[in-house]
Amino acid sequence: MTDAPRVADAQTAARLTTEWDAALYFKFGAERAQPAHDLLARVDFTPRRIVDLGCGPGASTRMLMDRFPQAEIVAVSNSEPMLAEARRSLPGMTFDQTDISEWRPHQPADLIFANSSLQWLRKHEILFPRLMSCLAEGGALAVQMADNLHEPSHSLMRMIAADGPWSNRLAPIAETRAVIGTHIDYYNWLKPLSDRLDIWETTYVHPLSGVDEVVDWFRSGALRPFLDPLGPHEQAEFLDRYKRDLADAYDADPDGSLLFLYPRLFIYARKGKAKA
Ligand SMILES: C[S@@+](CC[C@H](N)C(=O)[O-])C[C@H]1O[C@@H](n2cnc3c(N)ncnc32)[C@H](O)[C@@H]1O
């Protein structure tokens, strides 16, 4: 007997990714902000029209505003809870509740900044060239994506999903997760469209207090599609197993910290100017 509703299709899995928890997201605000700072540092011109694609609760939007106070900024997300928090913290900012897969700018953008959002979308071979086509001449696409699907934090989620009383409900969800390309894919897709193309990878090392903090980190994001279809008892069982397996997979440092590795892929593609 199960206490959970059935989730059978990719559409439902996609809906679950829109229901973010902004408060939990901020628990690791500093750690999540660092890659956005590192990406923003690469922007080598002063854009007038900026789009923050997948703006979350507005942290990346605020960074863009602080660095480019004269720019016109539009912040886009498909998540109402995230947008509500962003609207609260940035009154006066222009927000657009749209799915990135359908988003098009009213006018070509000088900078499309997508920090930690595009890993949720599929078909990057179509998406990335399309985003380049939304840029003005000389504009730039700046992207940072989590590249952690092969880390224990994520492979364990999938393994537990596939091996339990919930497997018929969760296995299809594991299969609907988007998988980002390799650095070679992005090079091949973007090089013909760019004057300057920088691709780099950084693995951040986050000392966490233990496995509970790993759960807190992903509860507002990657764990949601797996937990939401389960009832309270199954959720607790899923998380117990997840925590036990995490404890085996991550060694504690002598000071007791769990050194949590988080690989991320960065892309900065600058579109050329038309020749006179
Ligand atoms: C991890 S948050 C990133 C937040 C922000 N860029 C930052 O750096 O603080 C991911 C954001 O991307 C949004 N997102 C994910 N998939 C999306 C999609 N298909 N369309 C629109 N927004 C999406 C989520 O709703 C959320 O607002």
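Refer to the structure printed above.
My aim in this report is to walk through the structure given alongside it, one point at a time. (Residues numbered from 1 in each chain as written. Predicted model: local features only at pLDDT ≥ 70, side-chain atom pairs only at ≥ 80, totals over all residues. Heavy atoms only, no water.)

A few words on the sheet that holds strand β6 (residues 196-208). Ordered by their spatial adjacency, seven strands build an open sheet running β3-β2-β1-β4-β5-β7-β6, and the pairing between neighbours is mixed. This sheet does not close on itself; its edge strands, each paired only once, are β3 (94-97) and β6. When strand polarity is set aside, the average angle formed by the axes of neighbouring strands in this sheet is 15°. Where β6 meets strand β7 (residues 258-270), 13 bridges bridge the pair, whose relative direction is antiparallel. Considered in β7, the bridge of L208 is made with L258. Contacts from helix α5 (residues 80-89) reach β2 (72-77) and β3, with the element oriented near 175° to β3. (Pairing = 2+ DSSP bridges. Helix = DSSP H or I, 4+ residues; strand = E, 2+ residues; numbered from the N terminus. Axes fitted to C-alpha atoms, helices over the stretch in contact; angles between N-to-C directions. Contact = heavy atoms within 4.5 Å.)

Now for unusual backbone geometry. Within the chain, S116 stands out as a residue other than glycine whose phi angle is a positive 60°. Mapping S116 onto the fold places it in the loop between β4 (109-115) and α6 (124-133). With a phi close to 50°, K123 is a non-glycine residue in the positive phi region. Examined against the element boundaries, K123 turns out to sit in the loop between β4 and α6.

The sheet contact formed by strand β1 (residues 49-53) and β2 spans five bridges and is parallel. Each bridged residue has a counterpart across the sheet, and for D52 the counterpart in β2 is A75. Considered for its hand, the β-α-β crossover made up of β1, helix α4 (residues 59-67) and β2 is right-handed. Where β2 lies against β3, four bridges are found, and the strand directions are parallel. Paired with V74 across the two strands is T94, which belongs to β3. Since β2 and β3 lie parallel, the crossover through α5 that links them has a hand, and here it is right-handed. (Right-handed = clockwise from strand over helix to strand, strands pointing away.)

Moving on, we get to the site of the ligand. Around the ligand, 19 residues are found, and the nearest of them are G54, G56, N78, I100 and N115. Within the side chain of S60, a nitrogen or oxygen atom sits 3.0 Å from a nitrogen atom of the ligand. Separating an oxygen atom of the ligand from a side-chain N or O atom of N115 is a distance of 2.6 Å. Bound to the protein, the ligand loses 96% of the 600 Å² it would expose on its own. Partitioning the shell around the ligand into residue classes produces eight nonpolar, 10 polar and one charged. (Near = heavy atom within 4 Å. Polar contact = N/O pair within 3.5 Å; in protein donor to acceptor, adjacent residues only side chain to side chain. Areas by Shrake-Rupley, 256 points an atom, 1.4 Å probe, with all protein chains shown as cover. Nonpolar A, V, L, I, M, F, W, Y, C, P; charged D, E, K, R; others polar.)

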